[in-house]
Protein chains: 2
Amino acid sequence: MNSVEGGVTAAQGFQAAGVAAGIKYKDRSDMALVYTEKPAVFGGTFTTNVVKAAPVCWDKKLLEKGEPVHAVVLNSGIANACTGSEGEALNYAMAEEVAGQLCIEPEQVLTASTGVIGMQLKKEALVRGAALLKAALSDSAEAGAEAARAIMTTDTVSKEAAVCFEAEGRTVTVGGMSKGSGMIHPNMATMLSVTTTDAAIDREDLQELVSGAVRDSFNMISVDRDTSTNDTYLVLANGASGVTIKKGTQAYEDFKEALFYVAKELAKKMAGDGEGCTRRLEVRVVHCASEKKARTLAKSVITSNLVKAAMYGSDANWGRILCALGYAGEEFDPEKICLTIEAGGDSLLLFRDGAAAAYSEDRATEILKNREVIIICDMKEGEASATAWGCDLTHDYVSINADYRS
Amino acid sequence: MNSVEGGVTAAQGFQAAGVAAGIKYKDRSDMALVYTEKPAVFGGTFTTNVVKAAPVCWDKKLLEKGEPVHAVVLNSGIANACTGSEGEALNYAMAEEVAGQLCIEPEQVLTASTGVIGMQLKKEALVRGAALLKAALSDSAEAGAEAARAIMTTDTVSKEAAVCFEAEGRTVTVGGMSKGSGMIHPNMATMLSVTTTDAAIDREDLQELVSGAVRDSFNMISVDRDTSTNDTYLVLANGASGVTIKKGTQAYEDFKEALFYVAKELAKKMAGDGEGCTRRLEVRVVHCASEKKARTLAKSVITSNLVKAAMYGSDANWGRILCALGYAGEEFDPEKICLTIEAGGDSLLLFRDGAAAAYSEDRATEILKNREVIIICDMKEGEASATAWGCDLTHDYVSINADYRS
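The rules behind these values
Residues numbered from 1 in each chain as written. Chains lettered and ligands numbered in written order. Predicted model: local features only at pLDDT ≥ 70, side-chain atom pairs only at ≥ 80, totals over all residues. Heavy atoms only, no water. Helix = DSSP H or I, 4+ residues; strand = E, 2+ residues; numbered from the N terminus. Rg over C-alpha atoms; globule rule 2.2 N^0.38 Å. Buried < 20%, exposed > 50% of the residue type's maximum accessible area, 1.4 Å probe, protein only. Contact = heavy atoms within 4.5 Å. Areas by Shrake-Rupley, 256 points an atom, 1.4 Å probe, with all protein chains shown as cover. Lys, Arg positive; Asp, Glu negative; His and termini not counted. Charge placed at Lys NZ, Arg CZ, Asp CG, Glu CD. Salt bridge = Lys/Arg side-chain N within 4 Å of Asp/Glu carboxyl O. Buried area = accessible area lost by both parts, 1.4 Å probe. Polar contact = N/O pair within 3.5 Å; in protein donor to acceptor, adjacent residues only side chain to side chain. Least-squares fit on C-alpha atoms with pLDDT ≥ 70 in both. Axes fitted to C-alpha atoms, helices over the stretch in contact; angles between N-to-C directions. Parallel < 35°, antiparallel > 145°, perpendicular 65-115°, else oblique. Nonpolar A, V, L, I, M, F, W, Y, C, P; charged D, E, K, R; others polar. Pairing = 2+ DSSP bridges. Expected span 1.5 Å × (residues − 1).

What follows concerns the overall build of chain A. Within chain A, the regular secondary structure consists of 11 helices and 18 strands. Radius of gyration (C-alpha) of chain A: 22 Å, near the 22 Å computed for a compact globule of 406 residues. Relative to its 406 residues, chain A shows a buried fraction of 64%. At a minimum sequence separation of 6, the contacts of chain A that also span at least 24 residues come to 80%. Surface summary for chain A: the accessible area is close to 13800 Å², and the carbon and sulfur share equals 47%. Distance from the positive charge centre (41 side chains) to the negative charge centre (56 side chains) of chain A: 2 Å.

Moving on to the pattern of salt bridges. Following the criterion strictly, the structure yields 35 salt bridges over all chains and no others. A salt bridge links E291 of chain B to R215 of chain B, with the nearest nitrogen and oxygen atoms 3.4 Å apart. On the criterion of sequence distance, the pair formed by E291 of chain B in helix α7 (residues 291-302) and R215 of chain B in helix α5 (residues 203-215) is long-range, its members being 76 residues apart. Accessibility expressed as a relative area gives 36% for E291 of chain B, which makes it partly exposed. The partly exposed category is assigned to R215 of chain B, whose relative accessible area is 43%. What you see here is one network of salt bridges that share partners, running through R215, D216, E291 and R295 of chain A.

With that settled, the discussion passes to the interface of chain A and chain B. Interface size is commonly expressed as the accessible surface area that is lost when the partners come together. Each partner contributes residues to the interface: chain A has 52 residues there, and chain B has 52 residues. A buried area of about 4300 Å², summed over both sides, lies between chain A and chain B, and 59% of it is on carbon and sulfur atoms. Our count for the contact surface shared by chain A and chain B stands at 0 salt bridges. At the junction of chain A and chain B, the tally comes to 13 residue pairs in polar contact (both at pLDDT 80 or more).

Before going further, it helps to examine the relation of the copies chain A and chain B. After a rotation of 180 degrees and a shift along the axis of 0.0 Å, chain A superposes on chain B with an RMSD of 0.0 Å. What the rotation and shift describe, once combined, is the action of a two-fold rotation axis. Relative to the rotation axis, the C-alpha of H395 of chain A is the closest in chain A, positioned 2.5 Å from it. The residues that chain A uses at the interface reappear at the interface of chain B in 100% of cases, marking a shared surface.

To continue, consider the packing of helix α8 (residues 305-312) of chain A against helix α11 (residues 395-402) of chain B. Close contact between α8 of chain A and α11 of chain B brings their axes to 7 Å; oriented N to C, the two are set at 70 degrees. Our classification of the angle between α8 of chain A and α11 of chain B gives roughly perpendicular. Only Y397, V398, N401 and A402 of chain B of α11 of chain B make contact with α8 of chain A, whose side of the interface consists of N305, L306, A309, A310 and Y312 of chain A. Of the residues contributing to the contact of α8 of chain A with α11 of chain B, the split by class is 7 nonpolar, 2 polar and no charged.

Another point: the sheet that holds strand β13 (residues 280-288) of chain A. Residue and element names in this part refer to chain A. Taken in spatial order, the 7 strands of this open sheet run β10-β18-β13-β17-β14-β15-β16, and their pairing is mixed. In this open sheet, the two strands that pair with only one neighbour each are β10 (221-222) and β16 (355-356). Examined bridge by bridge, β13 and strand β18 (residues 384-391) share 7 bridges and lie antiparallel to one another. Among the inter-strand pairings, E282 is bridged to a residue of β18, identified as W389. The sheet contacts of α8 involve β10, β13, β17 (372-378) and β18, and relative to β17 the element is tilted by about 135 degrees.

Here the focus is helix α2 (residues 84-102) of chain A. Its 19 residues give α2 of chain A an end-to-end C-alpha distance of 28 Å, which sits within 8% of 27 Å, the value for a rise of 1.5 Å per residue. The inward-facing, buried residues of α2 of chain A abut β3 (31-46), α1 (54-65), β4 (69-78), β5 (109-116) and α3 (123-136) of chain A together with β15 (355-356) of chain B. Of the residues trailing α2 of chain A, C103 of chain A is marked for its positive phi of about 55 degrees.

A separate point is the sheet that holds strand β14 (residues 346-352) of chain B. All names here are of chain B. Across the sheet, 6 strands lie side by side as β15-β14-β13-β16-β12-β17; this open sheet has mixed pairing. Bordering the open sheet on either side are β15 and β17 (384-391), each of which pairs with just one other strand. Contacts from helix α8 (residues 305-312) reach β12 (280-288), β16 (372-378) and β17 within the one sheet, and its direction differs from that of β16 by about 135 degrees.

What follows deals with the pairing of β3 of chain A. Residues and elements named next belong to chain A. When you tally the buried positions in β3, you get 12 out of 16 residues, the bulk of the element. As paired elements, β3 and β4 share 6 bridges and run antiparallel to each other. Bridging from a neighbouring strand, M31 pairs with N75 of β4. In this sheet, strand β11 (residues 232-237) lies alongside β3 in antiparallel orientation, the contact comprising 6 bridges. If you follow G44 over to β11, its bridge partner there is L234.

Moving on: the pairing of β14 of chain B. Residue and element names in this part refer to chain B. When strand β13 (residues 338-343) meets β14, the two strands line up antiparallel, connected through 5 bridges. Bridge pairing in β14 places L339 opposite F351. Between β13 and β14, which pair antiparallel in sequence order, lie 2 residues; one of them, G344, sits at a positive phi of approximately 55 degrees. With 2 bridges joining them, β14 and β15 adopt antiparallel strand pairing. Counterpart to R352 in the pairing with β15 is A355. As consecutive antiparallel partners, β14 and β15 are separated by 2 residues, and within that stretch D353 has a phi angle of approximately 55 degrees, a positive value.

Another aspect to go through is the side chain of T340 of chain B. All names here are of chain B. Relative to the elements of secondary structure, T340 occurs in strand β13. Among the residues examined, T340 registers a relative accessible area of 17% and is labelled buried. Residue contacts for T340: discarding those within four places in its chain leaves S347, L348, L349, I374, I375 and I376.

Given below as structure tokens:
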């Protein structure tokens with residue numbers, strides 16, 4: 001498997017565009033399109049929030065129907081969540097306008113929205129946006145990058161990842177984009193993320209892989225413990241590579257690895273761009289009794305406001321890490337645990353045998369000043385492990401979210 | 001029931017003191033004692049965190065033994081959590097030193113600690129503190145206030161509450177103190193809180209009431225979702241009023257009301273003094289299908305970082321409230337919900353029938369500028385309700401916690 005440049009246009013047969021449609025602000029790129037002329041089977045997972053945005057309900061309906069699709073249209077600025085029947089109609093209009101431009105059916109267009117909850121989309125912007133998107137469609141890497149930029153909200157960088165592998169003497173590519181910086185605590189789904197592949201694959205097999213992919217990637221990141229109303233992860237497979245992925249083959253294993261890799265890379269990029277953050281945190285729970293338990297413990301540490309604030313201050317306050325493990329709802333023996341921090345090629349043991357290790361606070365602070373910090377919780381009780389990603393809690397997070405709508 | 005001045009010395013027969021023992025800092029009040037010459041039966045609840053501080057383990061052991069006690073010694077500055085066997089020995093020393101001063105047994109002294117996790121207490125400070133406490137003991141209101149001040153950490157105000165009622169022609173008093181400002185997300189217990197009463201009551205009956213009291217008070221507040229390793233709620237009853245409280249009597253109902261009232265007042269004071277906060281939030285979930293569900297929903301909103309940051313910015317971002325209700329893990333119909341904010345004698349409907357109500361953002365912002373804000377979530381599905389208390393998420397919260405140990 002090789003990493004390649006690009007995102008949603010990396011795979012053969014996919015075009016994309018990102019334009020400024022005037023969804024909420026003037027002159028800001030805010031509408032994106034991913035298009036495949038060949039029909040694509042697709043899989044998807046969505047927010048578990050009881051309050052679901054109109055585009056989430058639309059996509060779920062299409063997923064149930066199981067017919068192939070040709071496009072995904074996405075917008076930033078307005079989430080189209082908590083918008084009632086008017087919001088549903090406007091979501092349909094978004095699909096319909098794009099379908100009209102592409103000469104396909106609205107039911108062949110998936111939708112996704114992100115932004116302020118409760119505001120209504122404006123029909124004029126959708127009409128304008130659909131026409132601009134059609135005109136801008138291209139299979140270039142730049143077009144994929146434009147699409148990734150158009151779905152940003154408080155994100156500071158756009159997020160793309162792509163890999164390829166060989167099968168049957170041909171190249172199969174998997175590439176994706178995602179957005180997400182705040183209201184990030186995906187549960188069985190993620191913020192907006194679209195992945196494309198030119199592999200051909202059975203719909204049920206794809207959906208099974210999609211569900212597996214989110215488990216170790218998007219579902220293991222958290223910026224602020226707030227599970228959004230709009231989380232959407234879509235994977236489109238149009239078969240343009242000429243390679244068909246079948247269970248029980250090496251190509252299936254390679255495809256799975258590629259899909260999981262792209263999902264994890266996108267997830268890590270989201271964690272590292274958490275609202276206002278100054279560093280990315282990685283929590284590894286190792287030698288744990290079960291994977292489920294390791295997951296729960298890792299997520300408890302990554303979501304602790306106190307751990308996150310301590311990391312912002314480069315403070316090796318390991319008591320807060322132990323505390324967060326302790327309230328996760330899992331049993332364990334605190335006496336057994338070893339806590340280690342790792343960053344910038346250096347590592348330091350902080351806690352073992354139920355009490356502080358003899359370490360230098362100055363050296364700990366130096367390690368914690370790195371942009372990417374790893375916290376290792378060795379439970380010393382088994383063989384299972386899990387990793388979660390997140391970020392520190394900063395003054396800027398508060399500023400961004402005290403003033404998001406204005 | 002009448003509200004009275006004071007805290008742990010309001011009830012007859014209780015003395016208290018607060019002194020500067022030099023636990024962690026010089027010249028800062030950091031050690032407190034509550035003493036009753038008459039033996040007191042006691043009830044208590046403690047943190048559910050798997051990682052438990054040494055004093056929590058000690059108190060739980062004494063609670064199981066069930067013998068009456070004479071004193072509670074508390075310190076701030078160092079939590080005596082994650083301190084191994086040395087921490088256990090120092091906790092015993094704390095009880096022993098106080099017992100020596102008071103000519104009682106160490107097993108008649110409850111302990112409680114709050115502060116930095118992982119640091120060891122110093123024996124000299126405990127010896128010095130115990131002697132100073134003995135010398136300062138008094139049944140005055142001022143002595144109770146000194147004790148309440150000595151257990152503060154990042155608290156900006158001390159917390160006391162007391163009430164009395166009449167029974168059998170005598171006055172029964174219930175008074176308490178508590179501390180807590182960060183790492184506040186009690187679960188079946190709370191931060192440090194000691195309540196005293198001069199009622200006489202059976203040990204089992206008292207414990208039952210204690211468990212009930214935390215449910216609607218300390219367990220319904222959250223500052224930062226971090227359940228501490230040290231949460232301790234103790235209630236001591238010395239019988240000095242001459243009134244015995246028996247189940248099935250009016251006095252029992254009055255005592256229950258008094259105990260619950262003091263617990264709730266202390267809890268609200270903690271919520272309103274959350275680290276760095278500028279306002280207290282109250283979330284009322286009403287007309288809900290069950291009380292348990294109402295509790296879960298109210299806690300989900302009160303703990304949402306995004307709701308808390310929006311409140312800090314006086315931003316009526318009701319989408320975040322709905323979103324937090326939606327990811328609480330409970331089913332409901334978003335179309336039915338009405339959201340209202342209430343403060344400073346004014347109230348405003350924000351959301352109904354699945355979409356935004358026609359309200360003025362300016363008026364909403366004015367209402368949200370109040371020091372105490374109430375968010376009412378009317379589920380329109382039943383008769384149950386629950387209330388949770390918390391505070392906003394501010395720049396100061398981040399500052400305090402990025403730099404707590406230095």
